[in-house]
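Summary of structural features
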Amino acid sequence: MPCRDDAVSFVTSGGIAQTVAATTTSTIYWTDPVNGNDDANDGSEAHPFKTLQKAVDATTGTHVVYAKAGDYKDGGATSRGLMSRLAVPDTLAGTLRVVAVDGPEKTFITGKAGTHNATYGYGNDAERCVAVASTNSFCAIIQGFTLRGGRASDEKTDWASYGGALANVDSSANSLGTAYLLDCVISDCSAPRAVCFGGTLMRCRVTRSRAGNTGNNNGIMRNVRVYSSLITDCPNSTSDSTYVLGPGARAYNCTIVGNTPGGITDNTSNKAYAYNSVFGKRNNTNPEIGRIPGDQFQYCLYRASSSALDAPTSVIENPVRFADGVRGDYRLAPDSAGIALGSAGSLSVPVDVDGRPFEVSDDGRLVAGCFARIVPTSYYVDADQGDDGNDGLTEGSALKTLAEAASRAGFGDTITALPGTYSTGTMLPLKAETGGDVEPTLRARVVLHRNVTLQSRDGAEVTVITGDEATGGGCGADAVRCAFLARDAKLKGFTLSGGCTAATDEKGTQVATVNNYGGGVACCAGAEATAEEYSALVADCVITNCQALRGGGASYGIYWNCRFFGNTLCATKPGFAVRNAKVVGCLFAANGSSGSHSTVYDCDLVNCTVRGSQAQASGAVLNEGGYGSKRSMVNTICVADKFNVIAVTNCVLGTTTRNLAANPAVKNIIAGGAKLNADGSIKRRSSAVDAADESIVPDWFLAGKDLAGTDRVMGEGLDIGAFEYDSSIPVPGALLLVR
């Protein structure tokens, strides 16, 4: 994104208010690493310099350098004993501002590894990214760049060993310097003593950078003020006490996650401090973050090691729950500790790492970390009139594909699909989203990330997601399933048709993996994802004519008020319609073709109706076993001749109940008498009417609708099965007496 050109106000640890403002000046230089020329050009926009160093050296007064997109990997000067790609001398006065006009995604300052230490790239011939010589007469603002690949020396113990990304130093070892990095990314930088030494970082992201391996008391940040910044995935040395916050570092509203180790130095002569900050791991757990002197943490969220000193009461040790850590979304989820932990009294920069303002409550509280509270966004898609180049924020500017909308959506966002058939665009889930240990290779028409809702505007009858068969037909490696849902995701009001999976696993066997189950829809597996609190939800959908190795229609998750028709398997595995799921208020009909497979496998069924082809008057299923589960059936109608179920309670079954008689968990079976209409709804004299046990179903289900849109409780009680008999509708041919 383009760099912001706004002023940033903050308060130092000493309580001094400062402002870094947009610079107004008549002295402006331009650089272009691709088309610029240091020798022949004058530094104007039409004739830019090639290197940043040339522009900085062009004047000693206050000026601005506008850097065009590209990789600034040439030029530089020696500063503090080491070559730096951009070296700002101490001869300047006023304010120098170097701005990447196209932002860090397109504009890079690239250092160079040294040869003395091949493992970490240290050496006297290494080159850092930026060096600023501190004086009291000027400040240097570097804005909107990615600083990458910078290194420092391990052959010296002076300033050359500091600051692979930024060295802002003077004669005082504890100086905070006069350099500012705004809206920058620091990536893959390394130095023996600190990635950043001196200066101030605001709204920055630091990742995959390293400090240490030469001695104690080092840190990613040393003598640095860090405001509203994210520091993640930095593999520091664990053998020499190198932490993220080294001596003299001060972090305000920062999120520090996934680093090794991830804490703060215990140096007592030059302490580090953290305010309103979050320390955690990406998988929503807390790390042991080293020694924690209590007075150095205020309003922070973390878990201390056993060696921690007394921590103040303003520090919370509860679990950190990120919005979607596996995708790098480190905003605090609404149910995380720390949502109202921060103190406005310790808020130094009023905006988060993305430039959004922090919301402060009436009692002076705000969210901890570098991200403001989650504000959900709504997106729209239109298969017929949409365009993936649109912003997708209104129906009139809708996107075209579900995949594009899902790639933009994050935690708490909603995608609304207008009527149409969605048959283009595909995407892959991340491995961490699947709950398994196999790399996903099967593409889906849409992947819903954590806590994203995809809903149709006008319902399943007019809104269709179609998958695709493999080359040659049926299941195969290049097939496309209709949808994949990460934990907490929701899919509502679609027809899912024609989705297929791979026919084998990656080794060519028929072991179940994320790539071969759930042709219509597959949801995240794993212990936490299958807990009802975090399960993906599929509601008010029709899943039809899909195929998989296992779970032809669907696998994992929770299914509510769905219809499963015509789903099959590509091998002799169980679960024509669904497997490994909780299924509530759903109808199964005409799934499978022949053989001994089951319609439903290893599921919990609540108030469902399981039957065979609608063309068969007897209602017998086409396959042998109507329900081959190892789990439970509750308040369910199942017209079939074979069962293998651990627990059956208050169900209407077919005439044969093989594998049920000797099961002690079977209670209150009503054999025969289902009396179903062609659509699976129950007739007036069915034994299922008013016969369900309401005590074993959730309250939200009793307050909802059945598959036909009828209130769930219409008569004296809840009916068994997926439909509620509507006693308010007159029976054809009945005599109505009026007195």
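All of the points below concern the structure found in this document. Going along each chain's sequence as written, the residues are numbered from 1 onward. Totals for whole chains, interfaces and linings use all residues, but because this is a predicted model, local features are given only for residues with pLDDT of at least 70 and pairs of side-chain atoms are given and counted only at 80 or more. By convention in this description, side-chain values take in all heavy atoms of the structure and omit both hydrogens and water.

Examining the overall build of the protein
Here is the rule we go by: Labels follow the DSSP assignment, with helices taken as runs of H or I lasting at least four residues and strands as runs of E lasting at least two, numbered in each case from the N terminus. Buried residues are those whose accessible area, probed at 1.4 Å on protein chains only, stays under 20% of the maximum for their type, while exposed residues exceed 50% and partly exposed ones sit between those limits. Here, two residues are considered to be in contact whenever any of their heavy atoms come within 4.5 Å of each other. Reported accessibility uses the Shrake-Rupley method at a 1.4 Å probe radius. Residues are deemed covered only where the shown protein chains occlude them.
Helix and strand counts for the protein stand at 5 helices and 60 strands. The proportion of buried residues among the 739 residues of the protein is 58%. Contacts in the protein between residues at least 24 apart in sequence constitute 60% of all its contacts with a sequence separation of at least 6. When the accessible surface of the protein is split by element, carbon and sulfur atoms take 48% of a total near 27,600 Å².

Here's the deal with the pairing of strand β11 (residues 138-143)
A regular strand places its side chains on the two faces of the sheet in alternate fashion. Note the threshold: In this description, strands pair whenever DSSP reports at least two bridges between them.
A large share of β11 lies buried, amounting to 6 of its 6 residues. On β11, burial covers both faces: F138, A140 and I142 on one face and C139, I141 and Q143 on the other are all buried. Relative to β11, strand β8 (residues 94-100) runs parallel, the two being bridged by 6 bridges. Counterpart to V99 in the pairing with β11 is Q143. For β11 and strand β14 (residues 179-182), the ladder comprises 4 bridges, and the chain directions are parallel. Bridge pairing in β14 links I142 to L181.

Brief notes about the environment of V244
Structurally, V244 can be placed in strand β24 (residues 243-245). The class of V244 is buried, set by a relative accessible area of 0%. Between the alpha carbons of V244 and A194 there is a distance of 9.3 Å; along the sequence they are 50 residues apart.

Structural notes on the nonpolar core
Test applied: Residues belong to one nonpolar core when they are buried, are Ala, Val, Leu, Ile, Met, Phe, Trp, Tyr or Cys, and are joined through side-chain atoms within 4.5 Å.
Ranked by internal contacts, the top residues of the largest apolar core, which has 61 residues, are L491, Y559 and F588. If you list the elements that add at least two residues to this core, you get β34 (378-381), α2 (402-408), β35 (414-417), β37 (443-448), β40 (480-485), β43 (521-523) and β59 (647-653). Not counting residues up to four positions away in its chain, the partners in contact with L491 are L448, L454, I465, A483, L485, L496, L537, V538, A539 and C541. Within the second largest apolar cluster, 55 residues are counted, among which are L92, V132, F138 and I220.

Structural notes on the packing of aromatic side chains
Note on aromatic pairs: each is described by the distance of the centres and the angle between the planes. Put simply, the rule is: Only centres within 6.5 Å qualify two rings of Phe, Tyr or Trp (six-membered ring in Trp) as a pair; their planes then separate them into stacked at under 30 degrees, edge-to-face at over 60, and tilted for everything else. Cation placement over rings: the criterion is NZ of Lys or CZ of Arg within 6 Å of the ring centroid and within 35° of the ring normal.
Within this structure, the stated rule accounts for 16 aromatic pairs. Aromatic side chains Y162 and F197 sit 4.3 Å apart centroid to centroid with 45° between the ring planes, which places their arrangement in the tilted category. Of this pair, Y162 sits in strand β13 (residues 162-169) while F197 sits in strand β17 (residues 194-197), placing them 35 residues apart in sequence. Consider the rings of W560 and W700, whose centres lie 4.9 Å apart with planes at 75°: the pair is edge-to-face. Placement of W560 in strand β48 (residues 558-560) and of W700 in helix α5 (residues 699-702) is noted, with a sequence separation of 140 residues between them. Assessed through its relative accessible area of 22%, W560 is described here as partly exposed. Against the face of F108 rests R148, its NZ or CZ located 4.0 Å from the ring centre.

Details of the sheet that holds strand β25 (residues 250-252)
The 10 strands are arranged β3-β4-β8-β11-β14-β18-β22-β25-β27-β29 in an open sheet whose pairing can be described as parallel. Of all the strands in the sheet, just β3 (28-31) and β29 (297-298) have a single pairing partner and so form its edges.

Some details on the environment of G123
Looking at where G123 falls in the secondary structure, it is placed in the loop between β9 (107-110) and β10 (127-133). Sequence separation between G123 and R151 is 28 residues; the distance between their C-alpha atoms is 8.1 Å. Residues contacting G123, with those up to four places away along its chain left out, are L82, G114, H116, A152, S153, D154 and E155.

Quick notes on the sheet that holds strand β5 (residues 70-72)
Our working rule: In this description, a line fitted to the C-alpha atoms serves as the axis of each element, helices being fitted only across the stretch in contact, and the angle between N-to-C directions of two axes falls anywhere from 0 to 180 degrees.
Pairing is parallel across the open sheet formed by 8 strands, whose spatial order is β5-β9-β12-β15-β19-β23-β26-β28. Edge strands, defined here as strands with exactly one partner in the open sheet, are β5 and β28 (278-280). Taken pair by pair, the neighbouring strands of this sheet meet at an average axis angle of 15°, ignoring direction. Bridge count for β5 against β9 is 3 bridges, and the pairing is parallel. Opposite G70, over in β9, you have T107 as the bridge partner.

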